[in-house]
Amino acid sequence: MNPTQRDPMRILIDEQAIQRRVRELGQEIRATYGDEPVTAIGVLKGSFMFMADLVRAIDGEVRCDFLGVSSYQGGTRSTGVVRITQDLKHPIEGQHCLVIEDIIDTGLTIEYLLKMLEVRQPRSLRVAALLDKPSNRETKVTADFVGFTIPDEFVVGYGLDLGELYRNLPHIAVYTP
Ligand code: IMP
């Protein structure tokens with residue numbers, strides 16, 4: 001059964017708006033790095049759909065690697081405890097690294113990841129986040145590239161889940177139980 005049929009949820013950002021913004025982000029990102037190769041680091045699982053679209057919108061040389069992270073243990077609040085479930089497959093020393101996140105909420109997850117990656121001595125380390133929920137921030141971390149700034153609501157779709165459901169929606173919806 002399609003989750004949209006089972007739980008009708010309010011669409012916050014529709015598919016066309018996402019695709020348009022992702023294309024713009026790809027151009028912004030390429031302009032920032034000039035002709036240099038970029039290592040895109042997708043934070044699994046939430047960023048998988050954003051990553052797939054974003055890397056296709058960045059011209060030129062792009063490497064892709066992934067970090068598996070679990071920060072929620074199934075609920076809707078960050079626990080602050082970040083568990084690495086899969087490390088990068090390749091060293092990043094001397095490379096321009098772009099961490100690709102689905103959403104920055106408290107900022108605890110991305111802060112942890114940036115600290116972990118910095119010690120591997122990349123040439124540069126930036127963050128691209130599809131969504132930013134600044135009202136909930138508990139750290140000073142900001143993303144270098146942000147798709148959309150949203151209010152403090154729990155959202156699902158386009159890779160974002162609640163208990164592993166709704167990742168397949170092509171849009172971002174506000175979760176309503
Ligand atoms: P943070 O550590 O609070 O910044 O949360 C980061 C992670 O929590 C994100 O990468 C998401 O996986 C998850 N998250 C935060 N807000 C939402 C939401 O509204 N919907 C789905 N997942 C979320």
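What comes next concerns the included structure. One numbering rule holds for all chains: residues counted from 1, following each sequence as written. With the structure being a predicted model, the display of local features is reserved for residues of pLDDT at least 70 and the display and counting of side-chain atom pairs for 80 or more, all residues being used for whole-chain, interface and lining totals. Only hydrogens and water are removed before side-chain values are computed, so all heavy atoms of the structure are retained for them.

## Quick word on the sheet that holds strand 7 (residues 145-149)
By definition, the strands of a sheet pair up through backbone hydrogen bonds, in either a parallel or an antiparallel sense. Counted only if it meets this: Should DSSP find at least two bridges between two strands, the strands are taken to pair. A run of H or I in DSSP counts as a helix once it spans at least four residues, and a run of E counts as a strand once it spans at least two, with each numbered from the N terminus. Whenever a helix is involved, its axis is fitted only over the stretch in contact; in every case the axis is a line through C-alpha atoms, and angles between N-to-C directions fall within 0 to 180 degrees. The criterion used for residue contact is that any of the two residues' heavy atoms lie within 4.5 Å.
Taken together, six strands build an open sheet; the order of strands is 4-3-2-5-6-7 and the sheet is mixed. Two strands lie at the open edges of the sheet, namely strand 4 (83-86) and strand 7, each paired on one side alone. Sheet twist, expressed as the average angle between the axes of neighbouring strands with direction ignored, equals 25°. Judged from the seven bridges that link them, strand 2 (residues 38-44) and strand 3 (residues 62-70) form a sheet pairing that is parallel. Across the sheet, Leu44 pairs through a bridge with Gly68, a residue of strand 3. Strands strand 2, strand 3, strand 5 (96-104), strand 6 (124-132) and strand 7 of the sheet are contacted by helix 2 (residues 15-33), whose axis makes an angle of about 155° with strand 7.

## Some remarks on the packing of aromatic side chains
Rule in force here: Two rings from Phe, Tyr or Trp (for Trp, the six-membered ring) form a pair when their centres sit within 6.5 Å of each other. Planes less than 30 degrees apart are called stacked, planes more than 60 degrees apart edge-to-face, and all others tilted. Here the term buried applies to any residue with accessible area under 20% of the maximum for its type, exposed to any over 50%, and partly exposed to those in between, with areas from a 1.4 Å probe on protein chains only. Our definition puts a charge over a ring when NZ of Lys or CZ of Arg is within 6 Å of the ring centre and also within 35 degrees of the ring normal.
Considering all chains together, one arrives at one aromatic pair under this definition. With a centroid separation of 5.9 Å and 50° between ring planes, the pair formed by Tyr166 and Tyr175 is classed as tilted. A relative accessible area of 23% places Tyr175 in the partly exposed class. Above the ring of Tyr33, the side-chain terminus of Arg126 is found at 4.9 Å from the ring centroid.

## Describing the packing of helix 2 against helix 3 (residues 48-57)
Operational definition: In what follows, roughly perpendicular refers to angles from 65 to 115 degrees, roughly parallel to angles under 35, roughly antiparallel to angles over 145, and oblique to any angle outside these ranges. In a left-handed crossing the near helix is turned counterclockwise from the far helix by less than a right angle, and in a right-handed crossing that turn is clockwise. Note on residue classes: Ala, Val, Leu, Ile, Met, Phe, Trp, Tyr, Cys and Pro are nonpolar, Asp, Glu, Lys and Arg are charged, and everything else, Gly too, is polar.
Look at helix 2 against helix 3: their axes get within 8 Å of each other, and the N-to-C directions meet at 50°. Taken together, helix 2 and helix 3 sit at an angle that is classed as oblique. Helix-helix and strand crossings are classified by hand; for helix 2 and helix 3 the assignment is right-handed. Residues Gln19, Val22, Arg23, Leu25, Gly26, Gln27 and Ile29 of helix 2 form the contact with helix 3, whose participating residues are Phe50, Asp53, Leu54 and Ala57. In terms of residue class, the contact of helix 2 with helix 3 is made up of six nonpolar, three polar and two charged.

## With respect to the sheet that holds strand 1 (residues 10-13)
Spatially, 1-9-8 is the arrangement adopted by the three strands of the open sheet, whose pairing is antiparallel. Only two strands of the sheet have a single partner each, and these edge strands are strand 1 and strand 8 (155-156).

## Notes on the environment of Tyr175
Along the polypeptide, Tyr175 turns up in the segment after strand 9 (172-174). In this structure the C-alpha to C-alpha distance between Tyr175 and Leu12, which are 163 residues apart in sequence, comes to 9.9 Å. Those residues in contact with Tyr175 that sit more than four places away from it in its chain are Met9, Phe154, Val155, Val156, Leu162 and Tyr166.

## A look at the pairing of strand 2
We count it as follows: Orienting the strands away from the viewer, one traces the path from the first strand over the helix to the second; a clockwise path indicates a right-handed crossover.
Taking burial as the measure, the seven residues of strand 2 include six buried ones, the bulk of the element. For the crossover that starts at strand 2, traverses helix 3 and ends in the parallel strand 3, the hand is right-handed. Inspection of the sheet shows strand 2 paired to strand 5 by four bridges, in the parallel sense. By the bridge assignment for strand 5, Ala40 is matched with Leu98.

## Considering the pattern of salt bridges
Stated formally: Salt bridges are defined by distance alone: a side-chain nitrogen of Lys or Arg within 4 Å of a carboxyl oxygen of Asp or Glu.
Going through the model one piece at a time under the given rule, you end up with ten salt bridges. Between Glu153 and Arg10 there is a salt bridge whose closest N-O contact spans 3.3 Å. Of the two residues, Glu153 is situated in the loop between strand 7 and strand 8 and Arg10 in strand 1; the sequence distance between them amounts to 143 residues. Under the relative-accessibility criterion, Glu153 is labelled partly exposed at 27%. Judged by its relative accessible area of 45%, Arg10 falls in the partly exposed class. Asp87 serves as the salt-bridge partner of Arg120, at 3.0 Å between the closest nitrogen and oxygen.

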